[in-house]
There are 2 protein chains.
Amino acid sequence: MKLILNDCLSFADKLEFENVLKKAEQSNLLLKSKTGAGSDYLGWLELPLKISAEEIKYIKKIAKQIQNQSDVLVVIGIGGSYLGARAAIEALTDNINKKGTEIIYVGNNISGRYVESILEYLKNKNYSLNVISKSGTTTEPAIAFRIFKEALFKKYKQEAKERIYITTDKEKGSLRAIARKEGYTSFEIPSDVGGRYSVLTACGLLPIAVAGIDIDQMLEGAKYAYANSEEIAIQYAAARNLMYNKNKTIEIMVNYDPSLHFFTEWWKQLYGESEGKDNKGIFPAGVDNTTDLHSMGQYIQEGIRNIFETVIYIKNDMSTICIPDTKDDSDGLDYIKNKSLKYVNEMAMQGTKLAHVKGNVPVISIEIDKMDAFNYGQLVYFFEKACGISGYVLGVNPFNQPGVEAYKKSMFRLLGKPGY
Amino acid sequence: MKLILNDCLSFADKLEFENVLKKAEQSNLLLKSKTGAGSDYLGWLELPLKISAEEIKYIKKIAKQIQNQSDVLVVIGIGGSYLGARAAIEALTDNINKKGTEIIYVGNNISGRYVESILEYLKNKNYSLNVISKSGTTTEPAIAFRIFKEALFKKYKQEAKERIYITTDKEKGSLRAIARKEGYTSFEIPSDVGGRYSVLTACGLLPIAVAGIDIDQMLEGAKYAYANSEEIAIQYAAARNLMYNKNKTIEIMVNYDPSLHFFTEWWKQLYGESEGKDNKGIFPAGVDNTTDLHSMGQYIQEGIRNIFETVIYIKNDMSTICIPDTKDDSDGLDYIKNKSLKYVNEMAMQGTKLAHVKGNVPVISIEIDKMDAFNYGQLVYFFEKACGISGYVLGVNPFNQPGVEAYKKSMFRLLGKPGY
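This one's a predicted model, so the numbers in the text were calculated from it and none came from an experiment. (Residues numbered from 1 in each chain as written. Chains lettered and ligands numbered in written order. Predicted model: local features only at pLDDT ≥ 70, side-chain atom pairs only at ≥ 80, totals over all residues. Heavy atoms only, no water.)

**Overview of the overall build of chain A**
- Looking only at helices and strands, chain A has 16 helices and 10 strands in total.
- For 420 residues, the compact-globule estimate of 2.2 N^0.38 gives 22 Å, and chain A sits close to it at 22 Å.
- Projecting the C-alpha coordinates of chain A onto the three principal axes gives extents of approximately 65 × 60 × 45 Å.
- A burial count over chain A gives 65% of its 420 residues as buried.
- Across chain A, contacts joining residues at least 24 apart in sequence account for 79% of those joining residues at least 6 apart.
- Between the centroid of the 52 positive side chains of chain A and the centroid of its 51 negative side chains there is a distance of 6 Å. (Helix = DSSP H or I, 4+ residues; strand = E, 2+ residues; numbered from the N terminus. Rg over C-alpha atoms; globule rule 2.2 N^0.38 Å. Buried < 20%, exposed > 50% of the residue type's maximum accessible area, 1.4 Å probe, protein only. Contact = heavy atoms within 4.5 Å. Lys, Arg positive; Asp, Glu negative; His and termini not counted. Charge placed at Lys NZ, Arg CZ, Asp CG, Glu CD.)

Written out as structure tokens, the structure reads:
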């Protein structure tokens with residue numbers, strides 16, 4: 001994993017960067033000493049080292065059980081109890097040709113139309129439920145659990161109990177109480193790990209393992225990043241705060257492979273929820289290229305100059321397909337005949353970076369060799385670490401989310417929930 | 001269709017709005033008189049009236065032929081030759097339980113991994129190709145056409161010719177020449193309709209018809225909007241420029257149903273590409289709620305106050321599912337037992353609007369009765385019209401996209417394309 005800053009730092013004086021870098025280094029110490037704001041929620045910091053061999057073994061055992069039991073695992077969760085798993089699964093499996101146990105996601109919206117479609121889809125499938133909610137009381141997954149539990153019991157009668165898997169806080173919340181009472185198989189989310197930092201707990205790891213991904217390798221990657229990516233995490237945090245200080249208040253996460261779309265969604269939650277408070281913070285946005293070069297591309301090239309980009313590029317996407325030699329150049333493509341798509345895509349990425357820098361869009365680049373569980377684990381830990389540091393540089397508590405309560409309170413009042 | 005502005009106008013003086021409104025009215029006259037910037041590209045303005053009965057009949061005839069011929073229609077296109085069709089198909093069909101001919105999309109990226117997955121997916125399917133490119137020379141679809149044509153001929157030998165459908169300019173470009181030479185069935189994109197305004201031409205209408213959607217009704221809806229939504233188009237254009245003048249430079253398009261995700265992508269292209277130039281323009285972003293209330297929600301509630309929202313709400317999503325009465329309130333949901341998801345979702349929408357307005361996020365609301373082809377056609381024409389007006393209020397040419405060329409030139413140079 002490589003962080004390349006020159007196309008970003010060229011937009012600032014050396015001294016400016018050095019000053020923010022100093023602040024980022026101090027912020028890293030604050031994070032590691034667990035003395036900063038929100039330090040009750042730093043369980044993710046040493047998570048890759050601390051997760052026990054027993055827990056990993058148990059997750060893998062249950063994952064195998066679910067694979068044998070079901071064609072589909074229905075993951076019920078929202079926010080951090082949804083995006084972490086989905087981002088990893090989309091990045092690391094072939095989501096078009098679904099092999100093995102398919103993972104589908106509900107409880108992340110309240111659309112009746114969506115729920116009815118999924119219920120119909122499940123009619124002729126064998127399925128299990130994994131209900132994920134740290135608090136155990138979030139409305140969207142609770143509604144979905146009522147509905148899908150009813151369908152499950154209708155289909156499997158008493159056997160349904162063996163198809164329900166709960167992931168929630170060790171002690172707190174109604175979901176833990178329900179799991180105990182009904183004797184459902186369950187997993188624990190450490191109380192000091194917030195939702196958006198939970199992908200390397202059972203929250204993310206169970207569905208990821210069911211999807212056939214090597215979670216040992218993913219944790220190895222995170223462990224590797226723990227040991228080796230501190231410096232680049234500090235640099236990324238510093239660079240983006242440098243941009244913010246220069247009124248570049250929108251950061252666009254850019255990928256060149258559609259399988260990374262949900263990685264960007266995971267990143268948007270991580271950074272938006274950690275930093276968007278106290279009337280400040282970088283606005284996180286995303287584009288999937290080259291698709292969006294024909295959509296958001298115009299704005300990025302020539303709109304308001306308050307944008308910078310972070311490009312994630314997979315050096316080798318493991319594809320081998322080339323542009324056929326058709327012995328007929330009527331489409332004018334012969335100048336790239338026999339070239340691999342991998343190569344053409346990389347040139348599109350390089351060309352776009354050049355064009356954007358010329359258009360006054362600073363570019364931060366992150367290169368990874370290939371997309372596998374190990375590298376994915378690295379990326380996850382790197383972005384988590386950099387996010388904590390970055391929030392402290394900005395001067396906010398990166399580990400709370402007071403604003404998320406506002407819509408809930410307002411909705412509960414309209415729904416007549418007792419106490420609101 | 002209803003436009004509700006009070007939660008937006010409450011953030012400004014009456015006089016301020018009246019001034020922008022005047023400008024929007026003048027911009028509308030400029031648009032209709034076809035005397036403003038980019039007036040060579042106003043073919044979309046009277047398109048719903050002008051499209052001939054014959055052309056519609058032909059599109060429907062060929063759509064039926066494709067349905068009979070194939071399980072899958074592979075749509076090859078990018079930007080406006082991709083998003084218009086996809087947005088409509090996702091909004092108006094059940095994309096989870098694919099019935100009838102499935103539509104899949106290629107040529108909108110250069111990922112080798114993606115292309116290889118699709119080729120594998122097609123191995124055991126009967127399929128046809130619809131190649132859509134106005135210029136006929138765009139790199140991404142041209143590459144995909146080479147690859148998928150080769151696979152098609154390998155599978156169907158000479159019969160493959162009957163499975164290729166071309167949508168391109170009447171005269172210009174290599175794709176028209178290829179269609180003529182090979183005798184492929186083809187459709188014309190009017191030369192005065194730009195890509196992002198092309199959904200109601202054969203560009204969008206052929207795949208939409210193949211997906212089983214009533215294109216007559218969609219065009220009726222557009223015609224209805226042509227006759228009836230001029231005033232609200234002017235008001236929406238005025239309101240968003242009012243917000244822009246008050247430094248609300250990010251507009252977030254909000255939906256409460258995941259089937260509208262690609263409608264937002266279509267809208268982002270339409271507005272971003274029309275307005276993001278000359279170092280100005282509103283930055284278009286999107287959220288799918290309630291999903292993203294647990295992601296971008298924190299930022300929207302409490303981040304930098306340079307955001308306003310436009311919420312599209314479907315009053316009746318045609319679902320009937322309710323929250324089951326489980327005779328057990330251990331999940332604490334009994335206060336909404338027997339309530340429909342439709343109702344709960346609407347309360348989430350209302351509650352969120354209240355919370356955001358309180359958090360200093362102005363909210364524009366658009367309500368439609370239900371999501372059907374007629375209403376979709378209305379929405380499309382309304383947003384197209386408002387976009388043209390809005391661009392003129394902003395003082396840009398809303399019908400060009402000079403910035404899109406920048407990355408292409410830069411990429412062609414790296415790829416060694418002759419002439420670059």
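So, next bit.
**Concerning the relation of the copies chain A and chain B**
- Mapping chain A onto chain B calls for a screw motion: a turn of 180° about the axis and a shift of 0.0 Å along it, with 0.0 Å RMSD after fitting. Such values leave the two copies arranged in the relation of a two-fold axis. Closest approach to the rotation axis within chain A is made by the C-alpha atom of Ala285(A), at a distance of 3.6 Å.
- In this assembly the copies share their binding face: 100% of the residues contributing to the interface of chain A also contribute to that of chain B. (Least-squares fit on C-alpha atoms with pLDDT ≥ 70 in both.)

**Comments concerning the environment of Lys417(B)**
- Looking at the secondary structure, you find Lys417(B) in the segment after α16 (404–415).
- Taking relative accessible area as the criterion, Lys417(B) reaches 21% and is therefore assigned partly exposed.
- Sequence-distant contacts of Lys417(B), that is, excluding residues within four places in its chain, are made with Tyr335(A) and Phe412(B).

**Concerning the packing of helix α4 (residues 53–69) of chain B against helix α10 (residues 215–228) of chain B**
All names here are of chain B.
- Across the interface, α4 lies against α10 with an axial gap of 11 Å and an inter-helix angle of 145°. The residues of α10 that touch α4, namely those facing Ile56, Ile59 and Lys60, are Ile215, Asp216 and Leu219.
- Residue composition of the contact of α4 with α10, by class: 4 nonpolar, no polar and 2 charged. (Axes fitted to C-alpha atoms, helices over the stretch in contact; angles between N-to-C directions. Nonpolar A, V, L, I, M, F, W, Y, C, P; charged D, E, K, R; others polar.)

**Here's the deal with the side chain of Ser198(A)**
- Within the secondary structure, Ser198(A) sits in the loop between β6 (185–189) and α9 (202–210).
- Looking at Ser198(A), its side chain comes within polar contact range of the main-chain oxygen of Gly80(A), at 3.4 Å. (Polar contact = N/O pair within 3.5 Å; in protein donor to acceptor, adjacent residues only side chain to side chain.)

**Overview of the pairing of strand β8 (residues 283–288) of chain B**
Residues and elements named next belong to chain B.
- Counting buried residues in β8 gives 5 out of 6 residues, a clear majority hidden from the surface.
- Across 6 bridges, strand β7 (residues 250–255) lies against β8 in parallel orientation. In the strand pairing of β8, Asn255 is matched with Asp288.
- Taking the sense of rotation as the criterion, the β-α-β connection linking β7, helix α12 (residues 261–275) and β8 turns out right-handed. (Pairing = 2+ DSSP bridges. Right-handed = clockwise from strand over helix to strand, strands pointing away.)

**Considerations on unusual backbone geometry**
All names here are of chain A.
- The residue after Asn289, namely Thr290, is reached through a cis peptide bond having omega 5°.
- Relative to the helices and strands, Thr290 resides in the loop between β8 (283–288) and α13 (297–302).
- The backbone phi angle of Asn360 is positive, close to 70°, even though this residue is not glycine.

**Observations concerning the sheet that holds β7(B)**
All names here are of chain B.
- Spatially, the 5 strands line up as an open sheet ordered β1-β10-β9-β7-β8, and their pairing is mixed. With one partner strand each, in any of the chains shown, β1 (2–4) and β8 form the two edges of the open sheet. This sheet shows a mean twist of 20° between the axes of neighbouring strands, independent of strand direction.
- Bridge count for β7 against strand β9 (residues 307–316) is 6 bridges, and the pairing is parallel. Looking at β9, one finds that Asn255 is bridged to Ile312.
- The strands touched by helix α14 (residues 341–358) within the sheet are β9 and β10 (363–370), with β9 carrying the most contacts at an inclination of about 160°.

**Considering α14(B)**
- With 18 residues, α14(B) extends 25 Å from end C-alpha to end C-alpha; this agrees with the ideal 26 Å at 1.5 Å per step.
- Turning to α14(B), its buried residues number three or more, namely Leu341(B), Val344(B), Asn345(B), Glu346(B), Met347(B), Ala348(B), Met349(B), Gly351(B), Thr352(B), Lys353(B), Ala355(B) and His356(B).
- If you follow the buried residues of α14(B), they end up packed against α6 (112–122), α7 (139–156) and α16 (404–415) of chain A together with α13 (297–302), β9 and β10 of chain B.
- Among the residues trailing α14(B), Asn360(B) stands out with phi positive, at a value near 70°. (Expected span 1.5 Å × (residues − 1).)

**Section: the nonpolar core**
- If you look at the biggest cluster of nonpolar residues, it comprises 222 residues, and the most contacted ones within it are Phe283(A), Phe383(A), Phe283(B) and Phe383(B).
- Not counting residues within four places of it along the chain, the set of residues in contact with Phe283(B) comprises Ile250(A), Ile252(A), Phe283(A), Ala285(A), Met296(A), Tyr299(A), Ile307(A), Thr249(B), Ile250(B) and Glu251(B). (Core = buried A, V, L, I, M, F, W, Y, C linked by side-chain atoms within 4.5 Å.)

**Let's talk about the interface of chain A and chain B**
- Facing the 124 residues of chain A at the interface are 124 residues of chain B.
- For the pair chain A and chain B, the two sides together bury roughly 9,900 Å², of which 62% comes from carbon and sulfur.
- When the buried surface of chain A facing chain B is broken down by residue, Arg113(A), Arg146(A) and His294(A) rank first, second and third, together holding 10% of it.
- The interface formed by chain A and chain B holds 10 salt bridges in total.
- For Arg146(B), the salt bridge goes to Asp334(A), with nearest N and O atoms at 2.8 Å.
- On the surface where chain A and chain B come into contact, there are 54 residue pairs in polar contact (both at pLDDT 80 or more).
- With 11 residues, the single largest contributor to the side of chain A that touches chain B is helix α14 (residues 341–358) of chain A.
- The residue makeup of the side of chain A that touches chain B, split by class, is 55 nonpolar, 40 polar and 29 charged. (Buried area = accessible area lost by both parts, 1.4 Å probe. Salt bridge = Lys/Arg side-chain N within 4 Å of Asp/Glu carboxyl O.)

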